[in-house]
Structure formats: structure tokens, C-alpha cells
Amino acid sequence: MALRVLGINGSMREGSHSARALGVVLESARERGAETRMLDLRVVDLPMYRPDVLPETESVRFATEAVNWAGAYVLASPDYHGSMSGAMKNFLDFYWTEFAGKLFAYLCASHEKGFTAMDQMRTAVRQCYGWSLPYGVSFNGKEDFDADGSVTNVVVARRLRMVARDLVVYGALIGEQLNHDLSGDDPDTFAARYRRQ
Ligand SMILES: Cc1cc2nc3c(=O)[nH]c(=O)nc-3n(C[C@H](O)[C@H](O)[C@H](O)COP(=O)(O)O)c2cc1C
């Protein structure tokens, strides 16, 4: 079965460079045989997460269905104060076990390489027992895109294709082993706690 890749756009800005770069990665992943979907938080407009009263809105149901559908994820966020956007963090707060054992990639629209923003997304994912690609891709909207929103920096374009390639290849390998561990009975794997009883 083809790897299912869900891209999450964490920018609320129309014409977002995070969303543009995410589109490049998803298109490249499709060319490598993946099925893809985009969860654009600007459009989906999730309510603020409340742990005591889980909001049962149409947007939450839509996002949850997409998260459960996917076997791998691409998180694309603008760099806000050296962090991921509030929209992205709010999205991540809704999920936990859904992310366990699945592979994540990171993109960041930043004027400063976006390392700290991507590290924070990586930390949140690690806390949910998700796997991460060992690198991320950052880009500067004004310098790396043209006025139509196409990527003009060949190095950035190559790194976006590299994300897609590695996500499809390693995502499939990790997904196959995860399914094996979830359906097996070996107690000595982190996956044991995520088995359906
Ligand atoms: C509230 C806010 C905080 C920001 N903080 C930073 C920052 O700390 N470092 C940085 O490089 N850019 C910062 N920026 C600029 C955005 O990261 C940059 O414009 C980015 O390209 C926006 O991404 P988007 O095109 O996907 O919306 C900030 C922008 C806003 C609105």
C-alpha cells in the first residue's frame, strides 16, 4: 500500500511560504508513489485545545480523520519568535498516541534558518514517541521564492525534494516495522503499549 503523507500548514497568512514549500514536498512525494493530503490550518481553523472539554467541532473531526489516515507527516511552520506558530502548536496539542511510531519531517519559513522553531516541533513529536528525519529545511520567503510563490533557490528546491524522497523511503520502512510490532507480541518494543487489546 502507498505511504499516506499528511502535510500540515501552520501559517495563517494568505500566500504563505510555508504552505508553498509544503506543496512542493507533497507533489514530489506523489511522484515517488505516496498518497498525500494537506491539512491547512488557515482553512481548517481549529478551536483552541481544551483538555477538559474536548471541542467536538466539524474542524476537529476533519483534522482527526486526516491525522488517523496518515502514516507520515510534514509539519510546515513559520518562525514566530524563534518558535513554531501558535496554530501549529495548538494542532499538535490535540494528538498524542496518533503520532506514536510514525515519521515526521519539518519545514520552516524563517529569516534566521528556523533551527529553534524546527527543534521545538521535533521535541513535541519526540514527546509523542514519533520518529523524525534527522534534518529539516528552512527558506526565506523573500529570497527563495518569486512573486508567484514558486521556489527559485535551487538549493532549497533540491532539499525539499530530498525531504519527500527520504520521507517516502524511510516512512515506508518504519511503517512496515511499526505494523509488524503492533500485530506481534514482543513486549520489548515501545510499540507494545500502542497495541489494541
Ligand atoms: C509574530 C511574528 C513573529 C516572527 N518572528 C520571527 C523570528 O523570530 N524569526 C524570523 O526569522 N522571522 C520571524 N517572523 C517572520 C516570519 O517567520 C516570516 O515572515 C515567514 O516567512 C512567515 O511564514 P509564512 O510565509 O509561511 O507565513 C515573525 C513573524 C511574525 C508575524
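Refer to the structure presented above.
S.K.: How would you explain the packing of aromatic side chains if you had to name every residue and give the values?
M.R.: Given two aromatic rings, their pairing is described by the distance between the two centres and the angle made by the two planes. Going through the model one piece at a time under the given rule, you end up with 13 aromatic pairs. Ring geometry for Phe 91 against Tyr 95: centres 5.4 Å apart, planes inclined by 55°, an arrangement best described as tilted. Here the two residues Phe 91 and Tyr 95 agree in accessibility, since each one is buried. Arranged with centres 6.1 Å apart and planes meeting at 80°, the rings of Trp 131 and Phe 190 form a pair that is edge-to-face.

S.K.: Report on the nonpolar core, specifying residues and quantitative values.
M.R.: Ranked by size, the top nonpolar core spans 29 residues in total, and within it Leu 6, Ile 8, Leu 75, Phe 91 and Phe 99 carry the most contacts. Per-element tally for this core: the top contributor is helix H3 (residues 58–69), with five residues. Ile 8 has contacts with Leu 22, Leu 39, Leu 41, Tyr 73, Val 74, Leu 75, Ala 76, Met 88 and Phe 91, leaving out every residue within four places of it along the chain. Within the second largest apolar cluster, 26 residues are counted, among which are Val 5, Ala 72, Phe 145 and Val 163.

S.K.: I'd like to hear about the site of the ligand, residue by residue, with values.
M.R.: Among the 14 residues in the neighbourhood of the ligand, the closest are listed as Ser 11, Ser 16, Ser 18, Asp 79 and Glu 112. Between the ligand and the protein, one listed contact pairs an oxygen atom with a side-chain N or O atom of Ser 16 at 2.7 Å. One nitrogen or oxygen atom from the side chain of Ser 110 is found 3.3 Å from an oxygen atom belonging to the ligand. Protein contacts shield 73% of the accessible area of the ligand, which totals 650 Å² for the unbound molecule. Among the residues forming the shell around the ligand, the class breakdown is three nonpolar, eight polar and three charged.

S.K.: Tell me about the pairing of strand E3 (residues 72–78), and name the residues and values.
M.R.: Counting buried positions along E3 yields seven of seven residues, so the element is predominantly enclosed. Both faces of E3 are covered, namely the face carrying Ala 72, Val 74, Ala 76 and Pro 78 and the face carrying Tyr 73, Leu 75 and Ser 77. As judged from the five bridges shared by strand E1 (residues 4–9) and E3, these two strands associate in the parallel manner. Across the sheet, residue Leu 6 finds its bridge partner in E3, namely Tyr 73. In this structure, E3 lies alongside strand E4 (residues 103–109), joined through seven bridges in parallel fashion. Across the sheet, the residue bridging to Val 74 is Ala 105, located in E4. A crossover links E3 with its parallel partner E4, the connecting element being helix H4 (residues 86–93), and its sense is right-handed.

Thresholds applied
- By convention here, each chain's residues receive numbers from 1 onward along its written sequence.
- The predicted nature of this model means local features are confined to residues of pLDDT at least 70 and side-chain atom pairs, given and counted, to a pLDDT of 80 or more, with totals for whole chains, interfaces and linings taken over all residues.
- Side-chain numbers here rest on the full set of heavy atoms in the structure, without hydrogens or water.
- The rule is short: rings of Phe, Tyr and Trp, with Trp giving its six-membered ring, pair when the centres are within 6.5 Å, and they are stacked under 30 degrees, edge-to-face over 60, tilted in between.
- Accessible area is worked out with a 1.4 Å probe on protein chains only. A residue is then buried under 20% of its type maximum, exposed over 50%, and partly exposed in between.
- The definition of a nonpolar core used throughout is a set of buried Ala, Val, Leu, Ile, Met, Phe, Trp, Tyr and Cys residues joined through side-chain atoms within 4.5 Å.
- Secondary structure counts use DSSP, requiring at least four H or I residues in a row for a helix and at least two E residues in a row for a strand, with both numbered from the N terminus.
- Residue contacts are defined here by distance: any two heavy atoms, one from each residue, within 4.5 Å place the two residues in contact.
- Being near a molecule or strand, for a residue, means having at least one of its heavy atoms within 4 Å of it.
- For this analysis, a polar contact is any N or O atom pair within 3.5 Å, provided that within protein one partner can donate a hydrogen and the other can accept it, and provided that sequence-adjacent residues contribute only side-chain to side-chain pairs.
- For every accessible area listed, the method is Shrake-Rupley and the probe measures 1.4 Å; residues are considered covered only by the protein chains on display.
- Note that Gly is not counted as nonpolar here; it falls among the polar residues with everything else outside the nonpolar set of Ala, Val, Leu, Ile, Met, Phe, Trp, Tyr, Cys and Pro and the charged set of Asp, Glu, Lys and Arg.
- Only strands joined by at least two bridges in the DSSP assignment are considered to pair.
- Look down the strands so they point away from you; if going from the first strand over the helix to the second traces a clockwise path, that crossover is right-handed.

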